[in-house]
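Chains, contacts and geometry: an overview
Each chain is listed here by its residues.
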Amino acid sequence: MFRRHAAGVAIITANSNGVPFGFTATSVASLSAKPPRFTFNMARTSSSWPAVANTTYIGVHMLGLENQELADRFARTSNRFEGDHWQLGPHEVPILKDVSGWLIGKVQMRLSFENNAVVVVEVVEGEVGEDGTPLLYHSGSYSQPVPLDYEI
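First things first, this report covers the structure right here in the doc.

How each quantity is defined
- In this numbering scheme, every chain counts its residues from 1 along its sequence in written order.
- Local features in a predicted model are, by the rule used here, given only for residues with pLDDT of at least 70; side-chain atom pairs are given and counted only at 80 or more, and totals for whole chains, interfaces and linings are based on all residues.
- Hydrogen atoms and water are omitted, and side-chain values are computed over all heavy atoms in the structure.
- Criterion used throughout: strands pair if DSSP finds at least two bridges between them.
- Strands are runs of DSSP state E lasting at least 2 residues, helices are runs of H or I lasting at least 4, and numbering of each runs from the N terminus.
- To get an axis, a line is fitted to the C-alpha atoms, and for a helix only the part in contact is used. The angle between two axes follows their N-to-C directions and goes from 0 to 180 degrees.
- Contacts are assigned to residue pairs with any non-hydrogen atoms lying within 4.5 Å of each other.
- For this document, the term salt bridge refers to a Lys or Arg side-chain nitrogen within 4 Å of an Asp or Glu carboxyl oxygen.
- We call a residue buried when its accessible area falls under 20% of the maximum for its residue type, exposed when it is over 50%, and partly exposed in between, using a 1.4 Å probe and counting protein chains only.

Turning next to the sheet that holds strand β12 (residues 141-143). With antiparallel pairing, three strands are arranged side by side in an open sheet as β1-β11-β12. With partners counted over all chains shown, the strands left at the sheet margins are β1 (7-8) and β12, one partner each. Here strand β11 (residues 136-138) pairs with β12 via three bridges, running antiparallel. Counted as the bridge partner of tyrosine 137 is tyrosine 142 from β12.

A few words on the sheet that holds strand β3 (residues 19-25). Across the sheet, seven strands lie side by side as β3-β2-β6-β9-β10-β5-β4; this open sheet has antiparallel pairing. Edge strands, defined here as strands with exactly one partner in the open sheet, are β3 and β4 (29-33). Mean inter-strand twist for the sheet, computed between neighbouring axes without regard to direction, equals 30 degrees. Two elements, strand β9 (residues 101-113) and strand β10 (residues 116-128), share twelve bridges in a ladder whose sense is antiparallel. By the bridge assignment, lysine 106 is partnered in β10 with glutamate 122. This element, helix α2 (residues 68-76), spans β2 (10-16) and β3 of the sheet and lies at about 110 degrees to β3.

It is worth spelling out the pattern of salt bridges at this point. One pass over the full model with this rule turns up two salt bridges. One salt bridge connects glutamate 122 with arginine 37, and the closest N-O pair in it is separated by 3.5 Å. Of this pair, glutamate 122 sits in strand β10 while arginine 37 sits in strand β5 (residues 36-43), placing them 85 residues apart in sequence. When its relative accessible area of 22% is taken as the criterion, glutamate 122 is described as partly exposed.

Here it is as structure tokens:
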């Protein structure tokens, strides 16, 4: 059923002992506005889990349609940080270039449940990128929103 639920695509990054980690996520959600917080879910079997489990700061990068290759790289390959598409940002968190926007947050809570975890993060810094078409994940593939014939 959740294959029918369109979700925005993001990349989560972390730094563990000077080594960058990251993965593509469709579970990022706003939790509160004051203070600004977001959540994401991940498998504790992920190769990035040890970094997320043991770091204080996390980065989340919102992706646009032009970032599909980046989403694939962080979802399907092990050479996620080879190249010049990133740099170290505030709190030594890897920041991806040319994305729709990024946030750096301080981890407030990790809630483990069986092989999964919910992570709650409070935003401490961020930057909005160029306005564009958001990258969505729906029915097993990437897509984009289609405008309606009317405005709400």
